[in-house]
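Chains, contacts and geometry: an overview
So the chains spell out like this:
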Amino acid sequence: MILGLDIGGANTKVCSADGSIAKSIYLPLWKGAPLSEALSRFAALEPEAVAVTITGELADCFSYKRDGIESLTAAAKKAFHCPVHFWGTGGFIWKDPMELAAANWSASATLLAEEVGDGLFVDMGSTTTDLIPIKGRPLAAKTDFQRLSRGELVYTGLLRTALGALLPTARIGGDCVPLSPEMFAITADAYLALGQISQDRYACDTPDGSGKDRASALRRLARAVCADLEEIGETGAMAIAEQASDCQHRLLVAAIERQAERHRLSRVMVAGIGERSIAKAASSLDLECVLLSERYSPEVSDVFPAYAVARLLKKC
C-alpha cells in the first residue's frame, strides 16, 4: 500500500493510492499540534512507501519557510520505517528543499493533466483556493508569492476566512455597517448558519473557543459588527451570513474568470471541501465543470493532493 500525505499548516491529509483510506485531520502547527503523533498513527498502517507534499512551512511557528521544510521533512522521515518520497514543484526529483514548499497543487495538477486533460483545476480548502491552469502540463507559478500575484492562489476558504477580511461592510436593516477586523467570526460560522455545512464539517477552531452549534455561530456573526445577537436579532446575523457568502461567491467567480480567459480554458476541474462553492461559481460562468467527487469519490476530492501524490508515486 502506498500512502500519500499532504502536510499543511492547519490540516494534514492522508490518502492511499487506491483511495480506500482518505482522511483529513485538523492539526494547527502554529499551536503546537501533535503532528508526530498523527504521523505515527499513519505509520501503523504499515505502508510500503509514502509520498509527501508540504504546505505547512508557511505556518508562523517557523521563522523561515526553509526552517519549516526542514522540520516537516524530518518529522515524516522519523515517523515512517519505509521509503519516504517528497514531491516538489518539479516532481519527486529536486535539488533545493525549497522546491518542496507549497507544492501540493503541482501533484494534483500533474495527475489531472495525465488522467483528465486540459482545464482549470480549482481546489478550495478550509483556508485557501488554488486555481491551476493546465494545458498539457500545469502552468502555474512555482511559489505562493508568485501565485498570489498572478491570481493562481486566492486566500479565501470555506471555513477559516475571517469575515472582517472578506466582507468590508454588511447591510443590516437600513444601515450599512462596517465589520470589525477582529477574528470574531469566520466563513464556517456563515455557512453553518446558512445550513450549507454541518457541525462535523466545521473542522477548525471556533474564533471564541465556544460551540459549533448554530446558536453559537449566530452569536459570533453578531459580534462581527460589535453587537450581541439580542441587538440585531437572528435576521441581522443571517443577513451578515448571506452577504458574506455572496461576497465570497463573487470573489471566486472573478478569480475563475480571470484564469479561464487568460488561458482560454472552458473546463473547470473542481476539488476540496469547497467543491460545491467552486462548482456554483463555474456554472455562473457557463464553464464545463468536472467534479472530482464524482470522478473519484467525495472523500478523495476532500484530500486530493494526498491522493494525487500517492498515485504519482505508484506510477513511478
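Everything below is about the structure printed above this text.
Residues numbered from 1 in each chain as written. Predicted model: local features only at pLDDT ≥ 70, side-chain atom pairs only at ≥ 80, totals over all residues. Heavy atoms only, no water.

A few words now on the overall build of the protein. A count of helices and strands for the protein gives 12 helices and 12 strands. Viewed in the frame of its principal axes, the protein has a C-alpha envelope of about 60 × 45 × 35 Å. When the accessible surface of the protein is split by element, carbon and sulfur atoms take 50% of a total near 13,700 Å². Charge separation in the protein, taken as the distance between the mean sites of 33 positive and 39 negative side-chain charges, equals 5 Å. (Helix = DSSP H or I, 4+ residues; strand = E, 2+ residues; numbered from the N terminus. Areas by Shrake-Rupley, 256 points an atom, 1.4 Å probe, with all protein chains shown as cover. Lys, Arg positive; Asp, Glu negative; His and termini not counted. Charge placed at Lys NZ, Arg CZ, Asp CG, Glu CD.)

On to the packing of aromatic side chains. To describe a pair of aromatic rings, one takes the distance between the centres and the angle between the planes. In total, this model carries five aromatic pairs according to the counting rule given. Their ring planes at 90° and their centres at 4.9 Å tell us that Trp87 and Phe92 sit as a pair that is edge-to-face. The pair formed by Trp87 and Phe92 is uniform in burial state, with each residue classed as buried. Among the aromatic residues, those joined into a ring-pair cluster are Phe121, Tyr296, Phe304 and Tyr307. (Phe/Tyr/Trp six-rings, centres within 6.5 Å; stacked < 30°, edge-to-face > 60°. Buried < 20%, exposed > 50% of the residue type's maximum accessible area, 1.4 Å probe, protein only.)

Its location among the elements puts Glu48 in the loop between helix 1 (35-43) and strand 4 (49-54). For Glu48, a relative accessible area of 55% translates into the label exposed. Distance in space between the C-alpha atoms of Glu48 and Leu3 is 8.1 Å, their sequence separation being 45 residues. With residues up to four places along the chain from it excluded, the contact list for Glu48 reads Met1, Ile2, Cys82 and Pro83. Within polar-contact distance, the side chain of Glu48 engages the backbone nitrogen of Met1 at 2.6 Å. (Contact = heavy atoms within 4.5 Å. Polar contact = N/O pair within 3.5 Å; in protein donor to acceptor, adjacent residues only side chain to side chain.)

A separate point is the sheet that holds strand 2 (residues 11-16). A sheet is described by the order of its strands in space; here five strands give the open sequence 3-2-1-4-5, paired in mixed fashion. Two strands close off the open sheet at either side, each with one partner strand: strand 3 (22-26) and strand 5 (84-86). Taking each pair of neighbouring strands and ignoring which way they run, the sheet shows an average axis angle of 20°. As defined by bridge partners, strand 1 (residues 2-7) adjoins strand 4 across six bridges and the pair is classed as parallel. If you follow Gly4 over to strand 4, its bridge partner there is Ala51. (Pairing = 2+ DSSP bridges. Axes fitted to C-alpha atoms, helices over the stretch in contact; angles between N-to-C directions.)

The next point concerns the pairing of strand 7 (residues 129-134). Judged by how many residues are buried, strand 7 sits mostly within the fold: six of six residues are covered. Neither face of strand 7 is open: one carries Thr129, Leu131 and Pro133, the other Asp130, Ile132 and Ile134, and all of them are buried. Direction of pairing for strand 6 (residues 119-124) relative to strand 7: antiparallel, over a ladder of six bridges. Within strand 7, the position partnered with Met124 by the bridge is Thr129.

Before going further, it helps to examine the side chain of Asn11. Among the secondary structure elements, Asn11 is positioned in strand 2. Engagement of the side chain of Asn11 in a polar contact is seen with the side chain of Ser126, the distance being 3.1 Å. Not counting the four nearest positions on each side in its chain, Asn11 is found in contact with Asp6, Ser24, Ile25, Tyr26, Leu27, Ser126 and Ala203.

Right, let's get into the pattern of salt bridges. Overall, the coordinates contain 15 salt bridges when judged by the stated rule. Arg66 is the partner of Asp96 in a salt bridge, and the nearest nitrogen-oxygen pair spans 3.2 Å. Here the residue Asp96 occupies a position in the loop between strand 5 and helix 3 (104-115), and Arg66 occupies one in helix 2 (residues 65-79), the gap between them amounting to 30 residues. For Asp96, a relative accessible area of 30% puts it in the partly exposed group. (Salt bridge = Lys/Arg side-chain N within 4 Å of Asp/Glu carboxyl O.)

A few words on the packing of helix 1 against helix 2. One can describe the packing of helix 1 onto helix 2 by two numbers: an axis separation of 9 Å at closest approach and a directional angle of 40°. Like other packed secondary-structure pairs, helix 1 and helix 2 cross with a definite hand, here right-handed. For the pair formed by helix 1 and helix 2, the contact residues are Leu35, Leu39, Ser40 and Ala43 on the first element and Leu72, Ala75, Ala76 and Ala79 on the second. A breakdown of the residues in the contact of helix 1 with helix 2 according to their chemical character gives seven nonpolar, one polar and no charged. (Left-handed = near helix turned anticlockwise from the far one by under 90°. Nonpolar A, V, L, I, M, F, W, Y, C, P; charged D, E, K, R; others polar.)

This paragraph deals with the nonpolar core. Counting residues in hydrophobic clusters, the biggest one holds 33 residues, and the most contacted among them are Leu112, Phe121, Leu292, Tyr296 and Phe304. Listed by contribution, the elements that provide at least two residues to this core are strand 4, helix 3, strand 7, strand 11 (267-271) and helix 12 (304-315). Per-element accounting of this core gives the leading share, eight residues, to helix 12. Once you skip the residues sitting within four places of it in the chain, Phe121 turns out to touch Ser108, Leu112, Asp130, Leu131, Ile132, Ile134, Met269, Ala271, Leu292 and Phe304. Among the nonpolar cores identified, the runner-up in size contains 29 residues, and Ile7, Ala38, Phe62 and Phe80 belong to it. (Core = buried A, V, L, I, M, F, W, Y, C linked by side-chain atoms within 4.5 Å.)

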